[in-house]
Amino acid sequence: MVDYHEANSQLQQPNHGDYMQPEEDWDRDLLLDPAWERQQRKTFTAWCNSHLRKAGTQIEVIEEDFRDGLKLMLLLEVISGERLPKPERGKMRVHKINNVNKALDFIASKGVKLVSIGAEEIVDGNVKMTLGMIWTIILRFAIQDISVEETSAKEGLLLWCQRKTAPYKNVNVQNFHISWKDGLAFNALIHRHRPELIDYDKLRKDDPLTNLNNAFEVAETHLDIPKMLDAEDIVGTLRPDEKAIMTYVSCYYHAFSGAQKAETAANRICKVLAVNQENEHLMEDYEKLASDLLEWIRQTKPWLENREPEKTMQAMQQKLEDFRDYRRVHKPPKVQEKCQLEINFNTLQTKLRLSNRPAFMPSEGKMVSDINNAWQGLEQAEKGYEEWLLNEIRRLERLDHLAEKFRQKATIHEDWTKDKEAMLTQKDYETATLADIKALLKKHEAFESDLAAHQDRVEQIAAIAQELNDLDYYDSPNVNARCQTICDHWDTLGSLTQSRRDALERTEKLQETIDQLYLEYAKRAAPFNNWMEGAMEDLQDMFIVHTTEEIQGLIAAHEQFKATLPDADKEREAILGIHNEMMKIAQSYNIKLSGVNPYTSITSQSINDKWDKVQQFVPARDQALQAEFNKQQSNEHLREQFANKANVVGPWIQTKMQEIGRISIEMHGTLEDQLNQLKQYESSIINYKPNIEKLEQDHQLIQEALIFDNKHTNYTMEHIRVGWEQLLTTIARTINEIENQILTRDAKGISQDQLNEFRSSFNHFDKKRTGLMDADDFRALLISTGYSLGEAEFARIMSIVAPNNTEEVSFQAFIDFMSRETTDTDTAEQVMASFKILAGDKSYITAEELRRELPPDQAEYCIARMAPYRGPDAVPGALDYMSFSTALYGESDL
């Protein structure tokens, strides 16, 4: 409800001729209509009581309660805020007339022309005159001052109603009688200003009684507008009383008159708070993204720094596969997050500058530089981890080869030494004949020759075991135990061999007959047998090579071996010839042979069997060497395939990096054109990604083939990955700079010609063509634009454009500075003045007022951050909007 005391106390005394005169003289004939008179009685009575209750009184019968003039004078004092002459308290007619005249004189003093209304008629209780007087008062104090779009009074009130109800269906306000009969106009006015009070869509035009009663009850309950009309009277009257409707509608106008002013103030606050909330949301997003990225780096880096080797090749291959998954799956999204983090940071700083807010300072350890440092540490660990993995795989491959070689040689040796100890410890010479003894001695000599020949194999087994220990082979304890058993047994065989020789030599003097042919056979068969065993061992020996040259060397050595086979075959035939000669002599001289050569256990059959095996192993060796040769040729093809693509992709990335640096300086046209050009350029770069992916596939094939070097190119996959990531980051950063320039242009109102002029000036003084200008060049640029610079002023400007003491000025910082010098923005004082309007000129504001005037989320935002008001006029729940307004612009803590 409008406070008429306050409103009228601020009015200056107007010219009487300016006041709205009654539309026409009070039409007494109209009051003869009982329906209209009944409507005016109820409406005017309710209107008077809405003001008289402020003075603690009211009227019941309008023509009776104003007869003594006392309540009439009180009514005028309440609605005008002025004091009338002291009333007369007598009860005589003359006293009543004098009081009424004082009231009528006060009305006339306000520029209102009273037509045919006298004090005597009011004192006599004339209904028509009393209603006419009250209507005159209503016109002057409730309707006269209404002004809407250069119209006033009745026309202004009608225009206000039309503007407010225009969006509502079935509402067409053209007057103050028929247009209000269905009740929709009243409901529309309330819904327009307080939509939460009425569900307008549920109202029906054909149910006027419900519509009217709903509007009257809501207005009385929630808007403090008394019920001045009866729905039945309005519906039951062909043409409702215009004055009653106008009186009631004017109460709506005054109830909502302050809404526009509050809405304007709320809009300003909402604008400022929206900027602040958006910035805070961006800050929170940056903090979360930075925290997540740093946490990922913190968790990933120890894994990359772990150098705990695995025991088996399979386990190390799994580590390598995990590392490939990290490269292909886990790292690329983090590269994108890192790039997006830098873009978000730059965008946030630009928005803060444009909204006249302090620059954003991330939490400790979450600066872009901190993240870059952590990222560099991650990449260093990643590079070292990959090198370690490959070295470990080479080591394990070498270990597996040596371990297999150890097992083969140990098995061959153990097979050879099997039963040798039993043979050396037997006492067969004690009951043998001389011939047998000599035979045993010769046999023992052959065995010693054989034993000496096996000495090299034992030394090789020990050397392999030592190398496995040096390379930290995981099964070294078992290898050492087996090697020690072999060496101990070998020492035992040596001792037993010497003991048996001593025994045979002691009896040699008694045994002199010896069969020279057996002896010669044994001496020639043993080396040849060892040669065949060595040949079989070599033909079955495992090999590992990494180049075609190495496998060609093995093939050449194998060919040399095959060239010796004819001579070996001659030696075999010669040995068999000795055996045949022995059999011939025995047959010729009827010598009964035991069937066993006393000097050797090597039979002609064993020589032939081993020779057959050698003949079988040779083609198998040919096939194995040829298969390895084919494999190495395939590996060489993979090297060349990778190199051909890498030698194209690597220079392409370098060229694109140089082009981006040149394009960012030489681009012309509007910022939108430049942005579109850069995005097209970015699309062309992204479209090149399949070439990178194909190169990755070739690189994976190379790693799966365990190829560790490539003489055909200087580019590694790591070089290509780093270059590609830098290229994507650089083009994204360049696009972000143009987008920030568009933000600056739109926010500051900079024209395209001004931007072109700024760019032209900046490029002219950017001598190095790097996009960054040093202090001397920047000073020259400022002087060329008309600045008169002293050292102090230049230092102030440098602190703005290069706040981190980098002594380098970017184009973005330059246009920020130029736009800041010529553009105004919202200030803390403007926001403070807006809050004061919402608070009704008080020095504080309450939570209830904030929730009423602002959207819910922004109201709660203010309530949560406003400090309690401590002034002398503070009330419970008062909030300090002044310090809050200052804090929004960084002038104090929020």
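Quick notes on the rules
Residues numbered from 1 in each chain as written. Predicted model: local features only at pLDDT ≥ 70, side-chain atom pairs only at ≥ 80, totals over all residues. Heavy atoms only, no water. Helix = DSSP H or I, 4+ residues; strand = E, 2+ residues; numbered from the N terminus. Buried < 20%, exposed > 50% of the residue type's maximum accessible area, 1.4 Å probe, protein only. Contact = heavy atoms within 4.5 Å. Areas by Shrake-Rupley, 256 points an atom, 1.4 Å probe, with all protein chains shown as cover. Pairing = 2+ DSSP bridges. Axes fitted to C-alpha atoms, helices over the stretch in contact; angles between N-to-C directions. Core = buried A, V, L, I, M, F, W, Y, C linked by side-chain atoms within 4.5 Å. Salt bridge = Lys/Arg side-chain N within 4 Å of Asp/Glu carboxyl O. Parallel < 35°, antiparallel > 145°, perpendicular 65-115°, else oblique. Nonpolar A, V, L, I, M, F, W, Y, C, P; charged D, E, K, R; others polar. Expected span 1.5 Å × (residues − 1). pLDDT = per-residue confidence, 0-100. Phe/Tyr/Trp six-rings, centres within 6.5 Å; stacked < 30°, edge-to-face > 60°.

### What about the overall build of the protein chain?
Part 1 of the reasoning: Looking only at helices and strands, the protein chain features 33 helices and seven strands.
Part 2 of the reasoning: The buried share of the protein chain, reckoned over its 894 residues, is 45%.
Part 3 of the reasoning: Restricting the contact set of the protein chain to residue pairs at least 6 apart, pairs at least 24 apart contribute 75%.
Part 4 of the reasoning: Entry remark: accessible area of the protein chain is about 45,300 Å², with carbon and sulfur atoms responsible for 49%.

### Points about unusual backbone geometry
Part 1 of the reasoning: If you check the backbone angles, Asp224 has positive phi at about 60° while not being a glycine.
Part 2 of the reasoning: Positionally, Asp224 belongs in the loop between α10 (208-222) and α11 (231-236).
Part 3 of the reasoning: For Asp224, a relative accessible area of 39% gives the class partly exposed.
Part 4 of the reasoning: With a phi close to 70°, Asp841 is a non-glycine residue in the positive phi region.
Part 5 of the reasoning: One can find Asp841 in the loop between α30 (828-838) and β5 (845-846).

### A look at the sheet that holds strand β6 (residues 867-868)
Note on sheets: strands pair through backbone hydrogen bonds, and any given pair is parallel or antiparallel.
Part 1 of the reasoning: Strands sit in the order β5-β7-β6 across an open sheet of three strands; the sheet is antiparallel. Of all strands in the sheet, those bounded by a partner on one side alone are β5 and β6.
Part 2 of the reasoning: Of the strand pairs in this sheet, β6 and strand β7 (residues 878-880) are connected by two bridges, and their pairing is antiparallel. Bridged to Pro868 within β7 is Leu879.
Part 3 of the reasoning: Packing of helix α33 (residues 881-888) onto the sheet brings it into contact with β5 and β7, and relative to β7 it is tilted by some 30°.

### Describing the nonpolar core
Part 1 of the reasoning: With 80 residues, the main nonpolar core has Ile137, Trp180, Phe186 and Tyr252 as its most contacted residues.
Part 2 of the reasoning: Ignoring sequence-local partners within four residues, the contact set of Tyr252 consists of Trp160, Phe186, Leu189, Ile190, Ala215, Ala219 and Ile225.

### As for the pattern of salt bridges
Part 1 of the reasoning: All told, the structure shown has 50 salt bridges when counted by the stated rule.
Part 2 of the reasoning: With a shortest N-O distance of 2.8 Å, Glu414 and Arg482 are connected by a salt bridge. Highlighted residues: Glu414 in helix α15 (residues 368-417) and Arg482 in helix α18 (residues 476-508), separated in sequence by 68 residues.
Part 3 of the reasoning: According to the relative accessible area criterion, Glu414 is partly exposed, its value standing at 30%.

### Notes on the side chain of Ser604
Part 1 of the reasoning: Note on placement: Ser604 falls in helix α22 (residues 604-666).
Part 2 of the reasoning: Residue classification places Ser604 among the buried residues on the basis of a relative accessible area of 18%.

### Details of the packing of helix α27 (residues 775-784) against helix α28 (residues 791-801)
Part 1 of the reasoning: Following both chains from N to C, one finds α27 and α28 inclined at 110°, their axes separated by 12 Å at the closest point. Taken together, the axes of α27 and α28 lie roughly perpendicular to each other. Contacts from Ala775, Phe778, Arg779 and Leu782 in α27 reach Glu791, Phe794, Ile797, Met798 and Val801 in α28.
Part 2 of the reasoning: Split into classes, the residues belonging to the contact of α27 with α28 amount to seven nonpolar, no polar and two charged.

### Looking at α15
Residues three or four positions apart in an α-helix share a direction because the helix packs 3.6 residues into each turn.
Part 1 of the reasoning: For α15, spanning 50 residues, the distance from its first C-alpha to its last is 72 Å, which sits close to the expected 74 Å at 1.5 Å a residue.
Part 2 of the reasoning: Looking one or two places after α15, you find Asp419, whose phi comes out positive at around 70°.

### Observations concerning the environment of Cys483
Part 1 of the reasoning: With respect to the helices and strands, the residue Cys483 is situated in helix α18.
Part 2 of the reasoning: Residue Cys483 is classed as buried on the basis of its relative accessible area of 9%.
Part 3 of the reasoning: Measuring from C-alpha to C-alpha, the distance between Cys483 and Phe406 comes to 9.1 Å, with 77 residues separating the pair along the chain.
Part 4 of the reasoning: When sequence neighbours within four positions are dropped, the list of residues in contact with Cys483 reads Phe406, Ile461, Ala462 and Ala465.

### A short note on helix α8 (residues 153-165)
Part 1 of the reasoning: Between its first and last C-alpha atoms α8 spans 18 Å; for 13 residues at 1.5 Å apiece the expected length is 18 Å, and the two agree.
Part 2 of the reasoning: Taken residue by residue, α8 has Ala153, Lys154, Gly156, Leu157, Leu158, Leu159, Trp160, Cys161, Lys164 and Thr165 as its buried positions.

### Quick look at the confidence of the model for the protein chain
Part 1 of the reasoning: On average, the protein chain scores 81 in pLDDT, and the residues at 70 or more come to 89%.
Part 2 of the reasoning: In the predicted structure, residues 1-32 sits below a pLDDT of 50 and forms 68 contacts with residues beyond four places in sequence or in another chain.
Part 3 of the reasoning: Note on residues 510-514: pLDDT is under 50 here. Beyond four places in sequence and across chains, it has 17 contacts.

### A few points about the packing of aromatic side chains
Part 1 of the reasoning: Scanning the model with the defined rule gives 24 aromatic pairs in all.
Part 2 of the reasoning: Arranged with centres 4.9 Å apart and planes meeting at 65°, the rings of Tyr168 and Tyr200 form a pair that is edge-to-face. Here Tyr200 lies in the loop between α9 (184-193) and α10 and Tyr168 lies in the loop between α8 and α9, a separation of 32 residues in the sequence.
Part 3 of the reasoning: Its relative accessible area of 6% is what places Tyr200 among the buried residues.
Part 4 of the reasoning: A network of ring pairs unites the aromatic residues Phe176, Trp180, Phe186, Phe216, Tyr248 and Tyr252 as a single cluster.

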